[in-house]
Amino acid sequence: MIQDFTYLKPDSLKEALSMLAEYGEDAKLICGGQSLLIVMREGMVTTDYLIDIKHLSELDYVKFDEKEGCKIGATTTHRSVEHSDIIKKNYQALVEVEDRVASVQVRNWGSFGGNVAHADPAEDPATFLLAYDAKIKLASKDGERVVPVDDFFLGYYETAMEQGEMITEIQIPAPEPKTGSAFTKFTLLENDLGVASCTAKIVLDNSGKCKSAAIALGCVDERAIRISKAESLLVGKSYDEKLFEEVQKIVLDEIDPVADIHATAETRKHQAGVLAKRMTKLAWERAKA
Ligand SMILES: Cc1cc2nc3c(=O)[nH]c(=O)nc-3n(C[C@H](O)[C@H](O)[C@H](O)COP(=O)(O)OP(=O)(O)OC[C@H]3O[C@@H](n4cnc5c(N)ncnc54)[C@H](O)[C@@H]3O)c2cc1C
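Parameters at a glance
The numbers attached to residues start from 1 for each chain and follow its sequence in the written order. Note on the predicted model: pLDDT of at least 70 is required for a residue's local features to be given, and 80 or more for side-chain atom pairs to be given and counted; whole-chain, interface and lining totals, by contrast, use all residues. Excluded from the side-chain calculation are hydrogens and water; included are all heavy atoms of the structure. Numbered from the N terminus, helices here are DSSP runs of H or I no shorter than four residues, and strands are runs of E no shorter than two. With C-alpha atoms as the basis for the radius of gyration, the globule rule is written as 2.2 Å multiplied by the number of residues raised to the power 0.38. The cut-offs for exposure are 20% and 50% of the maximum accessible area for each residue type, with area from a 1.4 Å probe on protein chains only; residues under the lower value are buried, those over the upper are exposed, and the others partly exposed. By the convention used here, residues are in contact when the closest approach between their heavy atoms is within 4.5 Å. Each accessible area is a Shrake-Rupley result for a 1.4 Å probe, and residues are judged covered by the shown protein chains and nothing else. Residues counted as positive are Lys and Arg, residues counted as negative are Asp and Glu, and His and the chain ends are not counted. Taken as the charge centre is NZ of Lys, CZ of Arg, CG of Asp or CD of Glu, depending on the residue. Strands are labelled as partners when DSSP assigns at least two bridges between them. Between N-to-C directions, angles span 0 to 180 degrees; the directions come from axes that are lines fitted to C-alpha atoms, helices contributing only their stretch in contact.

Draft legend 1. Seen up close, the overall build of the protein chain. Summing up its helical and strand segments, the protein chain has twelve helices and 14 strands in all. Whereas a compact globule of 289 residues would reach a radius of gyration of roughly 19 Å, the protein chain reaches 19 Å, a difference of no more than 12%. Within the span of the protein chain, comprising 289 residues, buried residues form 52% of the whole. Long-range contacts, defined here as pairs at least 24 residues apart, represent 62% of the contacts in the protein chain between residues at least 6 apart. Total accessible area on the protein chain stands at roughly 13700 Å², and carbon and sulfur atoms take up 48% of it. Averaging the positions of the 35 positive and the 48 negative side-chain charges in the protein chain gives two centres separated by 8 Å.

Draft legend 2. Main features of the sheet that holds strand β6 (residues 135-140). The strand order across the open sheet built from five strands is β4-β5-β10-β6-β7, with neighbouring strands paired in antiparallel fashion. A strand with exactly one partner marks an edge of an open sheet, and here the two such strands are β4 (62-65) and β7 (143-148). The mean inter-strand angle of the sheet, taken between neighbouring strand axes irrespective of direction, is 20°. Here β6 runs beside β7; their pairing, made up of six bridges, is antiparallel. Note that in β7 the partner of Ile 136 across the bridge is Val 147. Its contacts with the sheet put helix α1 (residues 13-23) on β6 and β10 (166-172), and the angle it makes with β10 is roughly 125°.

Draft legend 3. View of the sheet that holds strand β3 (residues 49-52). Spatially, three strands are ordered β1-β3-β2 in an open sheet, and the strand pairing comes out parallel. The open sheet has two free edges, formed respectively by β1 (6-8) and β2 (27-30), since each of these has just one partner strand. Going from strand to strand, the sheet's axes swing by 25° on average, the running direction of each strand aside.

Draft legend 4. Quick look at unusual backbone geometry. Its identity is not glycine, yet Lys 178 carries a phi of approximately 60°, on the positive side. Mapping Lys 178 onto the fold places it in the loop between β10 and β11 (179-186). The phi angle at Cys 219 is positive, at roughly 75°, despite the residue not being glycine. Position of Cys 219 among the secondary structure elements: in the loop between β13 (210-218) and β14 (225-226).

Written as structure tokens, this is what we have:
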């Protein structure tokens, strides 16, 4: 049973921020309810005021320029991101992320900003955002600030957002030349939350050696994580199958996932290692193409 609440529908971002400031910890944002209503129905979250921002079209956009990169407004649906020509052209791994987020129905209604704000360690966009060093733009009645995604995710359902703040935009740097990226996840049911997930990004230099690498894993810790030891191993190296085996070994050493109803800790660990090996290899091959 959902406890009674007052439903508020601001006409603008400015009004939403005023409401957040006015009702403080008694209020929560809703942007589709794909995640929030589940936890409210279970009684895990209660609120006196629900501020609905779903219809705020001023936060519904995907923009790109070579200098500033990509900007995704917080209320943009997963489906709009998935179908965006900008995303298809520049961020192959994000198309793969969005293709695997839940069902088409959920993607049609759930928002990119709501997904990031919910901060479930099994949610898929986080691995991509971490691999691309994305930034999260937050706004409150008093102004704006931009937080690197690595500082934004703090742990299970926990973020750096403060009282009165909301996400307005997700900023993703433009890809360098010779960038390849890839995402996949292992699930028990197709398009369910993952047992393990991975985004890899490889940038090559003009001689075909690895200039930089990013390997981000989901579902294996309290939040999405980067495997920096494996990333450093790749930098300066030429393509070699043995490198990917080494990435897998490092992942096994570096992570310590927990068991839950979906998988044992061992299964999760094994899957994460395999996915990291495969996605790193695929990202490298895409960077070469
Ligand atoms: C059946 C099912 C399967 C799913 N499977 C996956 C999956 O495989 N992978 C995956 O990544 N996700 C999955 N999800 C989650 C889905 O991606 C949701 O779209 C996402 O969680 C956001 O939903 P929403 O936009 O409706 O946000 P809501 O549910 O409305 O809000 C979620 C949380 O974010 C807060 N919030 C919303 N917008 C903002 C904002 N702009 N600023 C600050 N706080 C905000 C709310 O207060 C709430 O705490 C699944 C969901 C369902 C129902």
